[in-house]
Amino acid sequence: MKQRRERCVYLTIALVYLITAVYICLHHINKGTTQYLFMGPVSLLFLLAPPLAEKVFRQPLGFGFKVFTLVFCYFAFSLGVALRWYDQSDIYDKAMHLISGLLFFCLGFYFFSRFDKRNAAYSLTDNWVLQMTYAFFFSMTIAVVWEIYEFMGFVLLGPDAQ
């Protein structure tokens, strides 16, 4: 029953991605901004992110984390970049930064739990302060690296560093 529910959620997410990809293509054809036309099909590649991460880490990531990642990628790329929602509001950009921080905090929590041999269940350890500190600084490190990447994209490629 649980696997059926998870599969239903994944299929729903894939369908939303597919409909949005078609809409992105039609939207940019209609507006005459054909330079963004390829972003519709590219957005479908984000559906491969969780399975690829599981292959790289050689361990399942968990249903909730995979869904959170797919939903974040949908809002950040499909809506934010491909449909230019980042240009519509500064609040959208700030919300995506907040959500990405939460996502990478969870990933840091996962890494700490994975590398701590005493904690096989991915839960809080006896040394929870160290675990939370590690997750926080992991998230901050990713944020700094991302901002440097964005700035370099702005300097080298122009004003759209998203």
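In every chain, residue numbers begin from 1 and rise along the written sequence. Predicted model: local features are reported for residues with pLDDT of at least 70 only, side-chain atom pairs are reported and counted for 80 or more only, and whole-chain, interface and lining totals are derived from all residues. Side-chain measures here rest on the full set of heavy atoms in the structure, leaving out hydrogens and waters.

## Re the overall build of the protein
Item 1. Summing up its helical and strand segments, the protein has 7 helices and 0 strands in all.
Item 2. Helix and strand labels come from DSSP, where a helix needs a run of H or I of at least four residues and a strand needs a run of E of at least two; each type is numbered from the N terminus. Moving toward the C terminus, one meets the helices and strands of the protein in the order α-α-α-α-α-α-α.
Item 3. Viewed in the frame of its principal axes, the protein has a C-alpha envelope of about 55 × 45 × 25 Å.
Item 4. Partly exposed residues are those whose accessible area sits between 20% and 50% of the maximum for their type, while under 20% is buried and over 50% is exposed, using a 1.4 Å probe and protein chains only. Sorting the 162 residues of the protein into buried and exposed places 35% on the buried side.
Item 5. The criterion used for residue contact is that any of the two residues' heavy atoms lie within 4.5 Å. Of the contacts formed within the protein by residues at least 6 apart in sequence, a portion of 57% connects residues at least 24 apart.
Item 6. Only the protein chains shown count as cover for residues, with accessible areas throughout obtained via the Shrake-Rupley method and a probe of 1.4 Å. For the protein, the accessible surface area stands at approximately 10,900 Å², while carbon and sulfur atoms represent 71% of it.
Item 7. When charges are counted, Lys and Arg contribute as positive and Asp and Glu as negative, whereas His and the chain ends are disregarded. Charge positions come from single atoms, namely NZ of Lys, CZ of Arg, CG of Asp or CD of Glu. Looking at the protein, you have 13 positive and 10 negative side-chain charges, and the mean spots of the two groups are 13 Å apart.

## Side note on the confidence of the model for the protein
Item 1. What pLDDT reports is the predictor's confidence in each residue, on a scale of 0 through 100. Overall, the predicted model of the protein reaches an average pLDDT of 86, with 91% of residues at or above 70.
Item 2. Mean pLDDT values for the elements of the protein range from 87 in helix α5 (residues 85-88) up to 93 in helix α1 (residues 2-31).

## Examining the side chain of S78
Item 1. Examined against the element boundaries, S78 turns out to sit in helix α4 (residues 63-82).
Item 2. Residues in contact with S78, not counting those within four places in the same chain, are Y17, T20, I24, S43, C73 and L83.

## Some points on the layout of surface pockets
Item 1. The definitions used throughout rest on a 1 Å grid laid over the protein atoms alone, on which a cavity is an enclosed set of points accommodating a 1.4 Å probe that cannot get out and a pocket is an open set flanked by protein within 12 Å on both sides along at least five of seven lines; lining residues are those having an atom within 4 Å of a point. Grid points are joined across faces, edges and corners, and a volume is the space filled by probe spheres set on the points. Looking at the largest pocket, its volume works out to about 1,100 Å³.
Item 2. In terms of lining residues, the largest pocket is bounded by 38 residues, among which F46, F72, A76, F104 and W146 are the most central.
Item 3. Of all elements in the fold, only α3 (49-57), α4, α6 (90-115) and α7 (128-157) reach the threshold of two or more residues within the lining of the largest pocket.
Item 4. It is α7 that provides the largest number of residues to the lining of the largest pocket, a total of 11 residues.
Item 5. Note on residue classes: Ala, Val, Leu, Ile, Met, Phe, Trp, Tyr, Cys and Pro are nonpolar, Asp, Glu, Lys and Arg are charged, and everything else, Gly too, is polar. Considering only residue class, the lining of the largest pocket consists of 27 nonpolar, 7 polar and 4 charged.

## Regarding the packing of aromatic side chains
The way to describe two aromatic rings as a pair is by their centre distance and the angle between their planes.
Item 1. Each Phe, Tyr or Trp ring (for Trp, its six-membered ring) is paired with any other whose centre lies within 6.5 Å, and the angle between the two planes then decides the class: stacked below 30 degrees, edge-to-face above 60, tilted in between. Applying the stated rule across the entire model yields 14 aromatic pairs.
Item 2. Measuring from centroid to centroid gives 5.8 Å for Y110 and F111, while their planes differ by 50°, and the two rings are tilted. For the residue pair Y110 and F111, the accessibility class agrees, reading buried in each case.
Item 3. Cluster of aromatic residues (ring-pair linked, three or more members): F57, Y110, F111, F112, Y134 and F138.

## Let's talk about the packing of α1 against α4
Item 1. For every element, the axis is a line fit to its C-alpha atoms; helices are fit only across the contacting stretch, and the angle between N-to-C directions ranges from 0 to 180 degrees. At a minimum axis separation of 11 Å, α1 and α4 run at an interaxial angle of 5°. With respect to each other, α1 and α4 are oriented roughly parallel. Contacts between α1 and α4 involve R5, E6, V9, Y10, I13, V16, Y17, T20, I24 and H28 on the former and, on the latter, F63, K66, V67, L70, C73, Y74, S78 and A82.
Item 2. Of the residues contributing to the contact of α1 with α4, the split by class is 12 nonpolar, 3 polar and 3 charged. When an angle is under 35 degrees it counts as roughly parallel; over 145 it counts as roughly antiparallel; between 65 and 115 it counts as roughly perpendicular; any other value is oblique.

## Quick notes on the side chain of S139
Item 1. Take S139: it is sitting in helix α7.
Item 2. Classification of S139 as buried rests on a relative accessible area of 6%.
Item 3. With sequence-adjacent residues up to four places away left out, S139 is seen in contact with G101, F104 and F105.

## Focus: the nonpolar core
Item 1. Side-chain atoms within 4.5 Å link the members of a nonpolar core, which is a set of buried Ala, Val, Leu, Ile, Met, Phe, Trp, Tyr and Cys residues. With 28 residues, the main nonpolar core has F57 and L107 as its most contacted residues.
Item 2. Residue assignment for this core shows that the elements contributing at least two residues are α1, α3, α4 and α6.
Item 3. Here this core gets 11 residues from one element, more than from any other, and that element is α4.
Item 4. Each residue touching L107, except ones within four places of it in the same chain, is listed here: F57, F65 and F138.

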